[in-house]
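Here is what each chain is made of, one letter per residue.
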Amino acid sequence: MSVWPKDIVTPNAPAAIGPYSQAIQYDGLVYCSGQIALDAESGEVIPGDVVAQTHKALQNLKAVLVAADSDLDRALKVTVYLKDLSDFGAVNAVYAEYFGPIYPARACVEAARLPKDVLVEIDCVAALN
């Protein structure tokens, strides 16, 4: 028997900027909404290039996962959305610093436009600890 979904909310990552949850925990998994390079306190996009924004998006994603009793090393499926697919190499290098040695399944797509005009957005599904 499954338990009802649990809403995950943490002040250590940016608050949702719309009618959605930072994450939902359900049946041994956590489904994380996309994280972008927002500062959790100010709600503003951090300055910097795609490398800086990727670091911040992954830090925000990690904060949500930790609040759900998971972590990046428990990620099963990740989706990376890029404003410009030519940034793939730079994003991939940063991504490799946060995941591994067994990497989660992943998709990477170019999106016409991302929230707040950021350069990268990252979401995931992870197992609970």
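Preceding this paragraph is the structure being described.
Residues numbered from 1 in each chain as written. Predicted model: local features only at pLDDT ≥ 70, side-chain atom pairs only at ≥ 80, totals over all residues. Heavy atoms only, no water.

Colleague: Describe the overall build of the chain, listing the residues and the values that go with them.
Modeller: Assigned secondary structure in the chain consists of 2 helices and 6 strands. Start at the N end of the chain and walk to the C end: the helices and strands fall as β-β-β-α-β-α-β-β. A principal-axis box enclosing the C-alpha atoms of the chain has dimensions of 45 × 35 × 25 Å. In the chain, which comprises 129 residues, the share counted as buried stands at 40%. Counting only contacts in the chain whose residues sit at least 6 apart along the sequence, the fraction spanning at least 24 positions is 69%. Working note: accessible area of the chain is about 6,900 Å², and carbon and sulfur atoms make up 56% of it. (Helix = DSSP H or I, 4+ residues; strand = E, 2+ residues; numbered from the N terminus. Buried < 20%, exposed > 50% of the residue type's maximum accessible area, 1.4 Å probe, protein only. Contact = heavy atoms within 4.5 Å. Areas by Shrake-Rupley, 256 points an atom, 1.4 Å probe, with all protein chains shown as cover.)

Colleague: Explain the packing of helix H1 (residues 50–67) against helix H2 (residues 88–98) residue by residue, including any values.
Modeller: With their axes 9 Å apart at the nearest point, H1 and H2 run at an angle of 35° to one another. Here H1 and H2 pass one another in a crossing that is right-handed. Contacts between H1 and H2 pair Val50, Val51, Thr54, His55, Leu58 and Gln59 from the former with Ala90, Val91, Val94, Tyr95, Glu97 and Tyr98 from the latter. Class assignment for the residues of the contact of H1 with H2 results in 8 nonpolar, 3 polar and 1 charged. (Axes fitted to C-alpha atoms, helices over the stretch in contact; angles between N-to-C directions. Left-handed = near helix turned anticlockwise from the far one by under 90°. Nonpolar A, V, L, I, M, F, W, Y, C, P; charged D, E, K, R; others polar.)

Colleague: Report on the pairing of strand S6 (residues 120–127), specifying residues and quantitative values.
Modeller: Taking burial as the measure, the 8 residues of S6 include 7 buried ones, the bulk of the element. Examined bridge by bridge, strand S3 (residues 29–35) and S6 share 5 bridges and lie antiparallel to one another. Among the inter-strand pairings, Tyr31 is bridged to a residue of S6, identified as Val125. Note: strand S4 (residues 75–82) against S6, 7 bridges, orientation antiparallel. Bridging from a neighbouring strand, Ala75 pairs with Ala126 of S6. (Pairing = 2+ DSSP bridges.)

Colleague: Give a detailed account of the pattern of salt bridges, specifying residues and quantitative values.
Modeller: Taken as a whole and judged by the stated rule, the model has 2 salt bridges. Residues Arg113 and Asp117 are paired through a salt bridge, measuring 2.6 Å at the closest nitrogen-oxygen approach. (Salt bridge = Lys/Arg side-chain N within 4 Å of Asp/Glu carboxyl O.)

Colleague: I'd love a proper account of the packing of aromatic side chains, names of residues and values included.
Modeller: Two descriptors summarise a pair of aromatic rings, namely the distance from one centre to the other and the angle between the planes of the rings. Applying the stated criterion across every chain yields a total of 1 aromatic pair. Against the face of Tyr95 rests Arg106, its NZ or CZ located 4.4 Å from the ring centre. (Phe/Tyr/Trp six-rings, centres within 6.5 Å; stacked < 30°, edge-to-face > 60°. Lys NZ or Arg CZ within 6 Å of the ring centre and 35° of its normal.)

Colleague: Outline unusual backbone geometry, listing residues and values.
Modeller: Between Gly100 and the following residue, Pro101, the backbone shows a cis peptide bond with an omega angle of 5°. Examined against the element boundaries, Pro101 turns out to sit in the loop between H2 and strand S5 (105–110). Backbone geometry at Lys116 places phi at a positive 60°, although glycine is not the residue there.

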